[in-house]
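Below, each chain spelled out in residue letters.
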Amino acid sequence: WNQNGIIAWIDYSGQSGSENDHTLTPAVIAVDHVIRTAHSTADATEQLRQLSPLDAPVFLLCIGEQQICRVDVDGDITVLANEVNAVRPESPLDRIALHDGQRNIHDAVIALVGSDQEEQARMSATSHWLALGVFNGKAYVHSGGPTGQWCPELSESLRGLQVHQSSMQPPTKGPVPGRETPGVTRRYVVDHCEMGVAAGDRRISGERVLVFGSGKIADAV
């Protein structure tokens, strides 16, 4: 992200490997260059197109223009208007904010972007999250996580950003007051596994042993 309101993220979903494997990939290098130099969506997408092929698709969100674009690995650009819904089942967004898929995603986003601190706390207890929105020409950014606010610098950098009115409006009306939410967060998972067979790695038979302490265990030893 940069102070021009451009936010980029790489779509590594469905690819094998850990996050550490993506440190210096073509997509990471391209995004780093774009974020340092681009001033608009058109500028960013053109730079990514010139830097292709990439190893993974890149999503671009421009807060000021209220537009989301996807740049594929071969440089093809797809404009996704101002709203994209892609929720992975069992993700914190689905389980917590969408109440296991039973809640409308627009209500969930409004609660996170708005002033519903209880809903924000529920998400923060289970994941690091970032919610962005534009209402009445003003950008709203909130984030959280188990260790505190995840990206406070982003909120500060977008303060006072000039936002252009989008021609396509999502079916939301802006931040709303807090609402009653379930008290159970469903962030706990219970599992079980078979205990391994105890195997000693050393025998003290025949050795002189000094035992400190008292009680049944010490007496047994």
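The structure we're discussing is the one just above.
Residues numbered from 1 in each chain as written. Predicted model: local features only at pLDDT ≥ 70, side-chain atom pairs only at ≥ 80, totals over all residues. Heavy atoms only, no water.

### Re the packing of aromatic side chains
Our working rule: In this scheme Phe, Tyr and Trp rings, the latter by its six-membered ring, pair at centre separations within 6.5 Å, and the angle between planes marks the pair as stacked below 30 degrees, edge-to-face above 60, and tilted otherwise. A helix here means a DSSP run of H or I that spans at least four residues, while a strand means a run of E at least two residues long, and both kinds are numbered starting from the N terminus. Using a 1.4 Å probe on the protein chains alone, a residue whose accessible area is under 20% of its type maximum counts as buried, one over 50% counts as exposed, and one in between counts as partly exposed.
All told, the structure shown has one aromatic pair when counted by the stated rule. Taken together, a centroid distance of 5.4 Å and an interplanar angle of 10° make the contact between Trp-9 and Phe-59 stacked. Here Phe-59 lies in strand 2 (residues 58-62) and Trp-9 lies in strand 1 (residues 6-10), a separation of 50 residues in the sequence. Exposure remark for Trp-9: the relative accessible area of 37% places this residue in the partly exposed category. A residue is classified by how much of its surface remains accessible, and Phe-59, at 12% relative accessible area, is buried.

### Let's talk about the side chain of Gln-47
What counts is decided by this rule: In the analysis that follows, any N or O atom pair within 3.5 Å is treated as a polar contact, provided that within protein one partner can donate a hydrogen and the other can accept it, and provided that, for residues neighboring in sequence, both atoms belong to side chains. Contacts are assigned to residue pairs that have any heavy atoms within 4.5 Å of one another.
Position of Gln-47 relative to the elements: it lies in helix 2 (residues 41-51). Polar side-chain contacts of Gln-47 include one of 3.3 Å to the side chain of His-33. Contact partners of Gln-47, with chain neighbours within four places excluded, come to His-33, Val-34, Thr-37 and Ala-38.

### Remarks on the pattern of salt bridges
Oppositely charged side chains can form a pair if their charged atoms are brought close together. Put simply, the test is: Whenever a carboxyl oxygen of Asp or Glu lies within 4 Å of a side-chain nitrogen of Lys or Arg, that contact is scored as a salt bridge.
Across all of its chains, the model carries six salt bridges by this definition. Two residues, Asp-32 and Arg-36, come together in a salt bridge whose shortest N-O distance is 3.0 Å. One end of the pair, Asp-32, and the other, Arg-36, are both in helix 1 (residues 26-37), four residues apart, so they sit about a helical turn from each other. Here Arg-70 and Asp-72 are joined by a salt bridge, their closest N and O atoms 2.6 Å apart. For Arg-70, a relative accessible area of 24% corresponds to the partly exposed category. Put simply, Asp-11, Arg-70 and Asp-72 are held in one network by salt bridges that share partners.

### Notes on the nonpolar core
Across soluble globular proteins, nonpolar side chains show a tendency to be buried alongside one another. What counts here: For the purposes of this section, nonpolar cores are sets of buried Ala, Val, Leu, Ile, Met, Phe, Trp, Tyr and Cys residues that join through side-chain atoms within 4.5 Å.
Core analysis: the biggest nonpolar cluster contains 17 residues, and Ile-6, Ala-8, Leu-48, Val-58 and Leu-60 have the highest contact counts within it. Of all the secondary-structure elements, those providing two or more residues to this core are strand 1, helix 1, helix 2 and strand 2. Broken down by element, this core gets its largest block of residues, five residues, from helix 1. Ignoring anything within four residues of it in the chain, the contact list for Ala-8 reads Val-31, Ile-35, Val-58, Phe-59 and Leu-60. By size, the runner-up hydrophobic cluster in this structure holds 13 residues, among which are Ile-7, Ile-63, Val-141 and Leu-161.

### So, a nonpolar patch on the surface
Put simply, the test is: Like-charged residues within 9 Å of one another, or nonpolar side chains (Val, Leu, Ile, Met, Phe, Trp, Tyr) within 5 Å, are grouped into patches, provided each residue has over 30% relative accessible area and no salt bridge. Under the convention used here, a 1.4 Å probe and the Shrake-Rupley method define accessible areas, while residue burial counts only the protein chains that appear.
There is a patch of nonpolar side chains on the surface, built from Ile-204, Val-209, Val-211, Ile-217 and Val-221 and spanning about 490 Å² of accessible area. Structurally, Val-209 is set in the loop between helix 6 (152-157) and helix 7 (216-220).

### A closer look at the environment of Leu-80
With respect to the secondary-structure elements, Leu-80 resides in the loop between strand 4 (77-79) and helix 3 (92-97). With relative accessibility at 25%, the residue Leu-80 sits in the partly exposed group.

### Digging into the environment of Thr-41
Locating Thr-41 in the fold gives a position in helix 2. For Thr-41, a relative accessible area of 6% translates into the label buried. Put simply, Thr-41 and Ile-7 are 34 residues apart on the chain and 9.7 Å apart in space, counted from C-alpha to C-alpha. When residues no more than four places from it in sequence are discounted, the contact partners of Thr-41 are Ile-6, Cys-62, Glu-65, Gln-67 and Cys-69.

### Focus: the sheet that holds strand 2
What links the strands of a sheet is backbone hydrogen bonding, and the strands pair in either a parallel or an antiparallel sense. This is how the line gets drawn: By this definition, two strands are paired if DSSP reports at least two bridges between them. Helix axes are fitted only over the stretch in contact, all axes being lines through C-alpha atoms; the angle between N-to-C directions runs from 0 to 180 degrees.
One open sheet accounts for four strands, arranged 1-2-3-4; its pairing is antiparallel. Whereas interior strands pair on both sides, the edge strands pair on one side only; in this sheet they are strand 1 and strand 4. Looking at each pair of strands side by side, their axes are set apart by 20° on average, direction ignored. Relative to strand 1, helix 1 is tilted by about 175°, and along the sheet it contacts strand 1 and strand 2.

### Comments concerning the environment of Arg-70
Position of Arg-70 relative to the elements: it lies in strand 3 (residues 67-71). Each C-alpha atom, one on Arg-70 and one on Leu-80, is 7.2 Å from the other, the two residues being 10 residues apart in sequence. When residues no more than four places from it in sequence are discounted, the contact partners of Arg-70 are Asp-11, Pro-57, Val-58, Phe-59, Asp-76, Ile-77, Thr-78 and Leu-80. A distance of 2.6 Å separates the side chain of Arg-70 from the side chain of Asp-72, its partner in a polar contact.

Geometric values such as these leave the question of function open.
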